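Given next are the chains, with one letter for each unit.
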Amino acid sequence: QVQLEESGGGLVQPGGSLTLSCTASGSTSQINVMGWYRRAPGKPRELVGTISRSDRIEYGDSVKGRATLSRTNDWKVHLQLNSLKPEDTAVYSCRADGPWVGPSSWGQGTQVTVSS
């Protein structure tokens, strides 16, 4: 029902900043919360941050203080990451959740690489 398109991934130097965007389409009125998750090589998937329809925001411990989530145009979610570290290198994926019967909707993932 919901399709997600991610943008903004790429290569950034340590200490730099990067903004990821995720645009939902389809049955966006069904979305209750969207968020960003990441998976680094050899590590399990972890929460980056989520934002609800009421704009309640939660951040994962690994990025708290360096991440900012926002939402524009209904369900276009932006994730700004500051003071990037090599440990932030991962595939970042967008997710949308709602009351639908099926599974959560996931984007295809976008690579973020932090290196000199």
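Asker: What's the story with the nonpolar core in this structure? I'm lost.
Answerer: One broad trend across soluble globular proteins is that nonpolar side chains are buried collectively. With 28 residues, the main nonpolar core has Leu4, Ile31, Met34, Trp36, Leu79 and Tyr92 as its most contacted residues. Within the residue set of this core, elements represented by two or more residues are β1 (2-7), β3 (18-26), β4 (33-39), β5 (46-52), β7 (67-72), β8 (76-81), β9 (90-97) and β11 (110-114). Non-local contacts of Leu4, meaning those with residues more than four positions away in its chain, are made with Cys22, Thr23, Ala24, Met34, Cys94, Arg95, Ala96, Ser105, Trp106 and Gly107.

Asker: What is the right way to look at the packing of aromatic side chains in this model?
Answerer: For any two aromatic rings, the description comes down to two numbers: the centre-to-centre distance and the angle of the planes. If you walk through the whole model with that rule in mind, you get 1 aromatic pair. A centroid spacing of 5.5 Å and a plane angle of 55 degrees characterise the contact between Tyr37 and Trp106, whose relative ring orientation is tilted. Within this pair, whereas Tyr37 is found in strand β4, its partner Trp106 is found in strand β10 (residues 105-106), the two being separated by 69 residues in sequence. Between the NZ or CZ atom of Arg45 and the centre of the ring of Tyr37, over which it lies, the distance is 5.8 Å.

Asker: What is the right way to read the sheet that holds β7 from this model?
Answerer: Within a sheet, adjacent strands bond to each other through the backbone by hydrogen bonds, running parallel or antiparallel. Taken in spatial order, the 4 strands line up as β1-β3-β8-β7 in an open sheet, and their pairing is antiparallel. The open sheet has two edge strands, β1 and β7, and neither has a second partner. Averaged over all pairs of adjacent strands, the angle between their axes in this sheet comes to 20 degrees, without regard to strand direction. Sheet topology places β7 next to β8; 6 bridges connect them, and they run antiparallel. Bridge pairing in β8 places Thr72 opposite Lys76.

Asker: Looking at this model, I keep getting lost on the side chain of Ser93. Mind explaining?
Answerer: Structurally, Ser93 can be placed in strand β9. The class of Ser93 is buried, set by a relative accessible area of 15%. Non-local contacts of Ser93, meaning those with residues more than four positions away in its chain, are made with Glu6, Gly35, Trp36, Tyr37, Trp106 and Gly109.

The rules behind these values
- Residues numbered from 1 in each chain as written.
- Predicted model: local features only at pLDDT ≥ 70, side-chain atom pairs only at ≥ 80, totals over all residues.
- Heavy atoms only, no water.
- Core = buried A, V, L, I, M, F, W, Y, C linked by side-chain atoms within 4.5 Å.
- Buried < 20%, exposed > 50% of the residue type's maximum accessible area, 1.4 Å probe, protein only.
- Helix = DSSP H or I, 4+ residues; strand = E, 2+ residues; numbered from the N terminus.
- Contact = heavy atoms within 4.5 Å.
- Phe/Tyr/Trp six-rings, centres within 6.5 Å; stacked < 30°, edge-to-face > 60°.
- Lys NZ or Arg CZ within 6 Å of the ring centre and 35° of its normal.
- Pairing = 2+ DSSP bridges.
- Axes fitted to C-alpha atoms, helices over the stretch in contact; angles between N-to-C directions.

Geometry only, nothing functional implied.
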